[in-house]
Amino acid sequence: MRVRGVRTLVGVIDRAGLADFLRRRRELLRPADVGLPEGVRRRTPGLRRDEVAQLAGMSSDYYARLEQCRGANPSEPIVAALARALRCDLDERDHLFNLAGLAPPARRAGRHIRPGLISLADRLTDVPVLICTDLHEVLWQNALAGIVLGRQEHLVGLARKIAWRWFTEPASRAISPQEDWPRHSLAQVNDLRATYARRAGDDDVVELVHELLKHSTEFRELWERHEVAVRRFDRKRLLHPEVGMLHLTCEVLFAPEEDIKVLAYFPTEGTDAREKLDLLRVIGTQNFRATT
């Protein structure tokens, strides 16, 4: 007999407990709590399974199997995504990891987003918003950010970090005009240098820097300048296949712990970015309705 509330062993999944916890958390949340429309003819309390799956960036079938005590054991990224989608606090997140037979991550803010911060970001529906770590690993993005910047839930390993893609994957730069590349490269390196100094010795920082030094000559040359500058504000020009050039002003807001950031992309004054963002919101809404 399984005793509720008892900590499970790392490596041993409690399928019944995991399924029960997921279902109970799902039923506690209303669509408005997570930035989704209420809709009509809602038969169950709280969120539907497909809505949780959408928020966590996984298939509805995979999530349904978890609630049915079936399927493959979830990985750490999957459990972390579920914790964010279900608005778990740190204690609930750790409990979810334990139920999945995984060791909970270190209690750094960069590995977990407080539910209140996501609720705040959810309300900025008319501008692209990202929540990321201090190494620019995207943890959460709103619908408009997905339309403007592309969805990033499918990325794994170093590819989840913006700086890695910028310096090692040439195709990732297609979103910016080529004449802007040197400025963006320098800003990426200077911001990473500040994080490296603040968190010297942390494995994730050391790994990213060492791998970039190994794989990118451009990064290595900029890194050797020893220039440091935390990026708190930036003006960006983005090339979008639907609306062309977007002029956006990026405001970077730091959580008190300073190892997670909220990036909000506002229309730059004196440009047509507002109208183009409004058009992309309509296009995105139409596409979502067409697939549901």
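Worth saying up front: this structure is predicted, and the values here are computed from it rather than measured.

Asker: Can you help me understand helix 2 (residues 49-56) in this one?
Answerer: An α-helical turn contains 3.6 residues, so a residue and the one three or four places further along point in the same direction. For helix 2, the complete set of buried residues consists of Glu51, Val52, Ala53 and Ala56. Close packing links the buried residues of helix 2 with helix 1 (15-28), helix 3 (60-67) and helix 4 (76-85). Looking one or two residues beyond helix 2, the residue adopting positive phi is Gly57, at roughly 70 degrees.

Asker: Sorry if this is basic, but what is going on with the packing of aromatic side chains here?
Answerer: Two measures describe an aromatic ring pair: the distance that separates the ring centres and the angle between the ring planes. Per the counting criterion, the structure on display carries three aromatic pairs. Relative to Trp223, the ring of Phe219 has its centre 5.4 Å away and its plane inclined at 20 degrees; by these criteria the two rings are stacked. Of this pair, Phe219 and Trp223 both sit in helix 11 (residues 217-223), separated by four residues, roughly a single helical turn. Assessed through its relative accessible area of 0%, Phe219 is described here as buried.

Asker: Looking at this model, I keep getting lost on the sheet that holds strand 3 (residues 233-240). Mind explaining?
Answerer: The strands making up a sheet associate through hydrogen bonds between their backbones, and the pairing can be parallel or antiparallel. The strand order 2-1-5-4-3 describes an open sheet built from five strands, whose pairing is antiparallel. At either margin of the open sheet sits one strand with a lone partner, and together these are strand 2 (138-141) and strand 3. Along the sheet, successive strands turn relative to each other by an average axial angle of 30 degrees, direction set aside. Judged from the eight bridges that link them, strand 3 and strand 4 (residues 244-254) form a sheet pairing that is antiparallel. What sits directly across from Lys236, in strand 4, is Leu248. Across the sheet, helix 6 (residues 115-122) touches strand 1 (129-133), strand 2 and strand 5 (260-267), and the angle it forms with strand 1 is around 155 degrees.

Asker: Looking at this model, I keep getting lost on the pattern of salt bridges. Mind explaining?
Answerer: Pairing is possible between side chains of opposite charge, provided their charged atoms come close. This structure, assessed with the given rule, holds 30 salt bridges. Among the salt bridges present, the one from Arg160 reaches Glu137, with a minimum N-O distance of 2.8 Å. Separated by 23 residues along the polypeptide, Arg160 in the loop between helix 7 (143-149) and helix 8 (162-168) and Glu137 in the loop between strand 1 and strand 2 bring together distant segments of the chain. Of the residues examined, Glu137 reaches a relative accessible area of 8% and is grouped as buried. Here Glu269 ties to Arg235 by a salt bridge, and the two come within 3.8 Å at their closest N and O atoms. One end of the pair, Glu269, is in the loop between strand 5 and helix 12 (273-291); the other, Arg235, is in strand 3, with 34 residues separating them in the sequence. Taking the relative accessible area as the measure of exposure, Glu269 reaches 62% and is therefore exposed. Salt bridges sharing partners connect three or more residues here, namely Asp134, Arg198, Arg199, Asp202 and Asp204.

Quick notes on the rules
- Here the residue numbering is sequential within each chain, running from 1 through the sequence in written order.
- Local features in this predicted model are restricted to residues of pLDDT 70 or higher, and side-chain atom pairs are both shown and tallied only at a pLDDT of 80 or more, whereas totals for entire chains, interfaces and linings draw on every residue.
- To get the side-chain values, all heavy atoms of the structure are used, and hydrogens and water are removed first.
- When a residue's accessible area, from a 1.4 Å probe over protein chains only, is under 20% of the maximum for its type it is buried; when over 50% it is exposed; and in between it is partly exposed.
- Counting from the N terminus, the helices are DSSP H or I runs at least four residues long and the strands are E runs at least two residues long.
- Contacts are assigned to residue pairs that have any heavy atoms within 4.5 Å of one another.
- Ring pairs shown here join Phe, Tyr and Trp side chains whose ring centres sit within 6.5 Å, with only the six-membered ring taken for Trp; geometry is labelled stacked below 30 degrees between planes, edge-to-face above 60, and tilted in between.
- What makes two strands pair is DSSP finding at least two bridges between them.
- Angles here are taken between N-to-C directions and fall from 0 to 180 degrees, while the axes themselves are lines fitted to C-alpha atoms, restricted in helices to the stretch in contact.
- Note on definitions: salt bridges are taken to be side-chain nitrogens of Lys or Arg within 4 Å of carboxyl oxygens of Asp or Glu.

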